[in-house]
Amino acid sequence: MDTHHVVMLGAGFSRSLHPQMPLTDELGGRVVGSLQAPGRIGAAQVSFGPELSFESWLSLLSEEQPQLSDADNRDNAALFARLRDAIAAHLIEAQREALLLPAPSWLYELVSALHCKQAIVLTLNYDTLVETAVASHSLWDPINRRHVMPSDLLRNLPPLPNVGARVVGPLADTFRL
């Protein structure tokens, strides 16, 4: 029987790397605040808080609710689209700030251990801090005799076009995201 080490990463992992990386409800507060300031959403439209997490609220907004009218479901879809775009902008900025600081040494030890064990890593994060760590750390694949690249981690994606920065050939033997 083949056994694999499985590791699950969430927002707490990214926060442990850099304090600029927000936890989910904290991200929700930032995003909602950034949209309320210019009047793009009203306070009455915000339903997340102690009773309903930001993630749960986004899930409700992203899908049609049978008890709502067509117009209300469309309003929810529009609000979800504004929130989605604001989330992306906030995470890009938080990651940019985080990458200005040196990563903790334990991150490279973890990435090396994941590589050696060829672990399966499940992540709920939208940032690319793990991929950036792989890109900046010289992990070596002795079977294919080359350095591991971030694209090697993402095995179930459709093939990328052959561009100058991508290695053509077999994927490295490493961990998988």
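Before any of the text, the structure's been laid out above.
What counts, and where the lines are drawn
- Residues numbered from 1 in each chain as written.
- Predicted model: local features only at pLDDT ≥ 70, side-chain atom pairs only at ≥ 80, totals over all residues.
- Heavy atoms only, no water.
- Helix = DSSP H or I, 4+ residues; strand = E, 2+ residues; numbered from the N terminus.
- Buried < 20%, exposed > 50% of the residue type's maximum accessible area, 1.4 Å probe, protein only.
- Lys, Arg positive; Asp, Glu negative; His and termini not counted.
- Salt bridge = Lys/Arg side-chain N within 4 Å of Asp/Glu carboxyl O.
- Polar contact = N/O pair within 3.5 Å; in protein donor to acceptor, adjacent residues only side chain to side chain.
- Contact = heavy atoms within 4.5 Å.
- Core = buried A, V, L, I, M, F, W, Y, C linked by side-chain atoms within 4.5 Å.
- Expected span 1.5 Å × (residues − 1).
- Arc of directions from axis to C-beta.
- Axes fitted to C-alpha atoms, helices over the stretch in contact; angles between N-to-C directions.
- Parallel < 35°, antiparallel > 145°, perpendicular 65-115°, else oblique.
- Nonpolar A, V, L, I, M, F, W, Y, C, P; charged D, E, K, R; others polar.
- Phe/Tyr/Trp six-rings, centres within 6.5 Å; stacked < 30°, edge-to-face > 60°.

A. Local environment of the side chain of Asp141. Secondary-structure assignment places Asp141 in strand S3 (residues 140-141). Summary of buried charges: Asp141 has no salt-bridge partner, and the nearest side chain of opposite charge, Arg146, is 5.3 Å away. A distance of 3.1 Å separates a polar atom in the side chain of Asp141 from the backbone nitrogen of Ile143. Side-chain polar atoms of Asp141 contact the side chain of Asn144, separated by 2.7 Å. Those residues in contact with Asp141, other than ones at most four positions away along the chain, are Arg146, Val148, Leu171, Ala172 and Asp173.

B. Layout of the nonpolar core. Core analysis: the biggest nonpolar cluster contains 20 residues, and Phe13, Leu107, Val111, Val134, Leu139 and Phe175 have the highest contact counts within it. Every element with two or more residues in this core is listed here: helix H1 (11-17), helix H4 (70-99), helix H5 (105-117) and helix H6 (129-136). The biggest single contributor to this core is H6, with four residues. When sequence neighbours within four positions are dropped, the list of residues in contact with Leu107 reads Phe13, Leu17 and Ala133. The next biggest cluster of nonpolar side chains, apart from the first, holds 15 residues, and it includes Leu27, Phe54, Leu58 and Leu79.

C. Broad picture of H6. Those residues of H6 that sit buried are Leu129, Val130, Glu131, Ala133 and Val134. Contacts from the buried residues of H6 go to strand S1 (6-9), H1, H4, H5 and helix H7 (150-153).

D. Structural view of helix H2 (residues 24-36). Taking 1.5 Å of rise per residue, 13 residues should cover 18 Å, and H2 covers 18 Å from first to last C-alpha, within 8% of that figure. Those residues of H2 lying buried are Leu27, Gly28, Val31, Val32 and Leu35. Along H2, the residues classed as buried sweep out an arc of 125° about the axis, all on the same side. As for H2, its buried residues are in contact with helix H3 (54-62) and H4.

E. Broad picture of the packing of H2 against H3. Where H2 meets H3, the closest approach of the two axes is 8 Å, and the angle between their N-to-C directions is 60°. It follows from the interaxial angle that H2 and H3 lie oblique. Contact residues: H2 offers Thr24, Asp25, Gly28 and Val32, while H3 offers Phe54, Glu55 and Trp57. Its residues assigned to classes, the contact of H2 with H3 shows three nonpolar, two polar and two charged.

F. Representation of the packing of aromatic side chains in the model. Enumeration according to the criterion identifies two aromatic pairs in this entry. For the pair Phe13 and Trp106, a centre-to-centre distance of 6.1 Å together with 75° between the ring planes defines the contact as edge-to-face. Placement of the pair is Phe13 in helix H1 and Trp106 in helix H5, with a sequence separation of 93 residues. An angle of 55° between the planes, with centres 6.1 Å apart, marks the rings of Phe54 and Trp57 as tilted. One end of the pair, Phe54, and the other, Trp57, are both in helix H3, three residues apart, so they sit about a helical turn from each other. No difference in accessibility class separates Phe54 from Trp57, as the two residues are buried.

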